[in-house]
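Coordinate analysis (summary)
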Amino acid sequence: MAFSPQRDRFTRISQAMQPQLVFLLLFLGILHGTCGLYFNMREKEQKCFIQTTPDDMDVLVQYAIEVEDPSTGGFMPASPGLGMHVDVRDSMDKVVLSRVYSSKGLLKFTTHCPGDHRICLQPNSTAWFEGALLRVHLNIETGERSVNYERIRKTNNMDIMQLRVLQLINQAEDISRNQNYQRFVEKQFLRTTDNIYFNIICFSVAQIVILVLLWAFQYHMLFRQPSLYLAYCEILCESGLSRFRTPEAFRTLITIVGANGQGLTTQALAQWISQFKDAEKTDEQLQQLVNDKVKAKVEEFVGKFLTKPAPQIPENVKGSFYASNVQLTKLLSSARRNRSVHLKDDSFLLICECEDCKAESNTVDTQS
């Protein structure tokens, strides 16, 4: 009961503020329904706006141009000679409207396809450079909001109820067009999503195909090509020589022999055989037979796969010194690669001290 005077005072204040609150709500509603805007641009500049609309929709564009006043720093209405070129294109980039209007214009067009419509404004100024600063007031209305109901009521002599029914019909048609446009956008989105998924699948399949081709190529290069180790195992294929077919034995043999067979000596081969001999077998005669067999197999492998054939040396080389030098270079390089190459013939001004050459030279001297 002690707070009743304060409650009464609050009640009186709220009752006094009700008209002000109603006015504020109405003012905010009017501001919410206002769609106009203004922007600054130069006389030679172009501004474009995107308006998304369904098909068969009326679009109302209203604009007014103001010119900067240098004396006051504000803006004043433009002169009648200054106009505005309006260019409207639909979502397919087709021209819907393109013409020059005055400094104040009100134009209306109907869309024929759904999507984004581009509305471009450019003053038709004759200035050489940027020109003066302009302020353009622009208002774009679509659908039912572009209809001037007051003029329709006066023209058709309609009462408020008929006008309201007409407004509701137009609003229902706008809702139907917007729903159709949303379905159109959904179909476009699904089509775009399907295209993206299809591209991803194609890219993945292409990657798999490339990987399979690379795998097949690597398999062919690694396993289809003749391998020295496989050839070595085929030559030493007998059951008693299994300890010499291990990768370690093969690597040791290649290290001793070399890539071209230049290190194959009797001592090195004997050391290699003793390194991988069977310690459990004590029969020396049997061990010697195995060693001889291994030597024969290794010499066969080296002669077939590691030793390159000796180049044929002509008996008599006739021609310039340049040809002789070329033959000499080839002979020396081949002899360096393969020690079994025999140097012969005196056309290169070489003296060989081996037994065969000495015997052959003695035979030639005796016959002469």
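Everything below is about the structure shown above.
A brief report on the enclosed structure follows. (Residues numbered from 1 in each chain as written. Predicted model: local features only at pLDDT ≥ 70, side-chain atom pairs only at ≥ 80, totals over all residues. Heavy atoms only, no water.)

1. As for the overall build of the protein chain
Counting secondary structure elements, the protein chain contains 9 helices and 9 strands. Residue burial in the protein chain is summarised as follows: out of 368 residues, 26% are buried. In the protein chain, 68% of the contacts between residues at least 6 apart in sequence involve partners at least 24 apart. (Helix = DSSP H or I, 4+ residues; strand = E, 2+ residues; numbered from the N terminus. Buried < 20%, exposed > 50% of the residue type's maximum accessible area, 1.4 Å probe, protein only. Contact = heavy atoms within 4.5 Å.)

2. Focus: the packing of aromatic side chains
Counting across every chain of the model gives 8 aromatic pairs. Pairing Phe244 with Trp272 gives two aromatic rings, centres 5.3 Å apart and planes at 45°, and the pair type is tilted. Of the two residues, Phe244 sits in the loop between helix H4 (228-235) and helix H5 (247-257) while Trp272 sits in helix H6 (residues 266-275), which places them 28 residues apart along the sequence. Measuring from ring centre to ring centre gives 6.4 Å for Phe250 and Phe301, while their planes differ by 65°; the resulting arrangement is edge-to-face. Here Phe250, found in helix H5, pairs with Phe301, found in helix H7 (residues 284-306); they are 51 residues apart in sequence, far enough to count as distant. Pair check on accessibility: Phe250 and Phe301 agree, each one buried. Ring-pair connections join several aromatic residues into one group, and the members of that group are Tyr229, Tyr232, Phe250 and Phe301. (Phe/Tyr/Trp six-rings, centres within 6.5 Å; stacked < 30°, edge-to-face > 60°.)

3. Here we look at the side chain of Thr252
Relative to the assigned elements, Thr252 resides in helix H5. Here Thr252 falls in the buried class, since its relative accessible area comes to 17%. Non-local contacts of Thr252, meaning those with residues more than four positions away in its chain, are made with Trp272, Gln275 and Phe276.

4. Digging into the side chain of Asp174
Among the secondary structure elements, Asp174 is positioned in helix H3 (residues 160-224). For Asp174, a relative accessible area of 11% translates into the label buried. Of note is the side chain of Asp174, whose polar atom sits 2.9 Å from the side chain of Arg177. When sequence neighbours within four positions are dropped, the list of residues in contact with Asp174 reads Met57, Gly143 and Glu144. (Polar contact = N/O pair within 3.5 Å; in protein donor to acceptor, adjacent residues only side chain to side chain.)

5. Quick notes on the state of the cysteines
With the rule as written, the count across this model stands at 1 disulfide. Disulfide pairing is shown between Cys48 and Cys120; the S-S distance is 2.2 Å. Handedness here is read from the sign of the S-S torsion; for Cys48 and Cys120, about 105°, the answer is right-handed. You can see Cys48 sitting in strand S2 (residues 47-53) and its partner Cys120 sitting in strand S8 (residues 115-123), a full 72 residues away along the chain. Here Cys237 stays unpaired: no disulfide links it, and the sulfur of Cys233, its closest cysteine neighbor, is 9.8 Å away. (Disulfide = S-S within 2.5 Å.)

6. Considering the nonpolar core
Counting residues in hydrophobic clusters, the biggest one holds 22 residues, and the most contacted among them are Val61, Tyr63, Val86, Leu107 and Phe109. Of all the elements, strand S3 (residues 58-68) adds the most residues to this core, at 5 residues. In contact with Tyr63, not counting residues within four places along its chain, are Met84, Val86, Tyr101, Ser102, Ser103, Lys104, Gly105, Leu107, Val136, His137 and Leu138. In terms of nonpolar packing, the next biggest core, distinct from the first, is built from 21 residues, Tyr232, Cys233, Leu253 and Ile273 among them. (Core = buried A, V, L, I, M, F, W, Y, C linked by side-chain atoms within 4.5 Å.)

7. Regarding the packing of H4 against H7
The interhelical angle for the contact between H4 and H7, taken along N-to-C directions, is 145°, at an axis separation of 10 Å. You can see that H4 and H7 cross each other, and the crossing is right-handed. Mapping the contact onto sequence places Leu228, Ala231, Tyr232 and Ile235 in H4 and Lys297, Glu300, Phe301, Phe305 and Leu306 in H7. (Axes fitted to C-alpha atoms, helices over the stretch in contact; angles between N-to-C directions. Left-handed = near helix turned anticlockwise from the far one by under 90°.)

8. Let's talk about the pairing of strand S5 (residues 84-89)
In this sheet, strand S6 (residues 95-101) lies alongside S5 in antiparallel orientation, the contact comprising 6 bridges. Paired with Arg89 across the bridge in S6 is Val95. With antiparallel pairing between neighbouring strands as the criterion, S5 and S6 make up a hairpin whose turn holds 5 residues, including Asp93 at a positive phi of roughly 65°. Relative to S8, S5 runs antiparallel, the two sharing 6 bridges. Looking across to S8, one finds that Asp87 is bridged to Cys120. (Pairing = 2+ DSSP bridges.)

9. A look at the pattern of salt bridges
Scanning all chains against the criterion turns up 10 salt bridges. Note that Glu150 is salt-bridged to Arg153, the shortest N-O span being 2.7 Å. Within this pair, Glu150 and its partner Arg153 are both found in helix H2 (residues 149-156), separated by 3 residues, close to a single helical turn. Classification of Glu150 as partly exposed rests on a relative accessible area of 39%. Here Arg177 ties to Asp174 by a salt bridge, and the two come within 2.9 Å at their closest N and O atoms. Placement of both Arg177 and Asp174 in helix H3 is noted, with a separation of 3 residues, approximately one turn of the helix. (Salt bridge = Lys/Arg side-chain N within 4 Å of Asp/Glu carboxyl O.)

10. Observations concerning H7
Here H7 contains 23 residues, and its C-alpha end-to-end distance of 31 Å stays within 8% of the 33 Å for a straight helix at 1.5 Å per residue. Where H7 is concerned, the buried positions are Gln287, Val290, Asn291, Val294, Lys297, Val298, Phe301, Val302 and Leu306. In this structure, the buried residues of H7 make contact with H4, H5 and H6. (Expected span 1.5 Å × (residues − 1).)

11. Describing the sheet that holds S8
Pairing in this open sheet of 4 strands is antiparallel, and the strands run S2-S8-S5-S6 from one edge to the other. Edge positions in the sheet fall to S2 and S6, since each has one partner strand and no second. Shown here is a sheet whose adjacent strand axes are inclined to one another by a mean of 15°, direction ignored.

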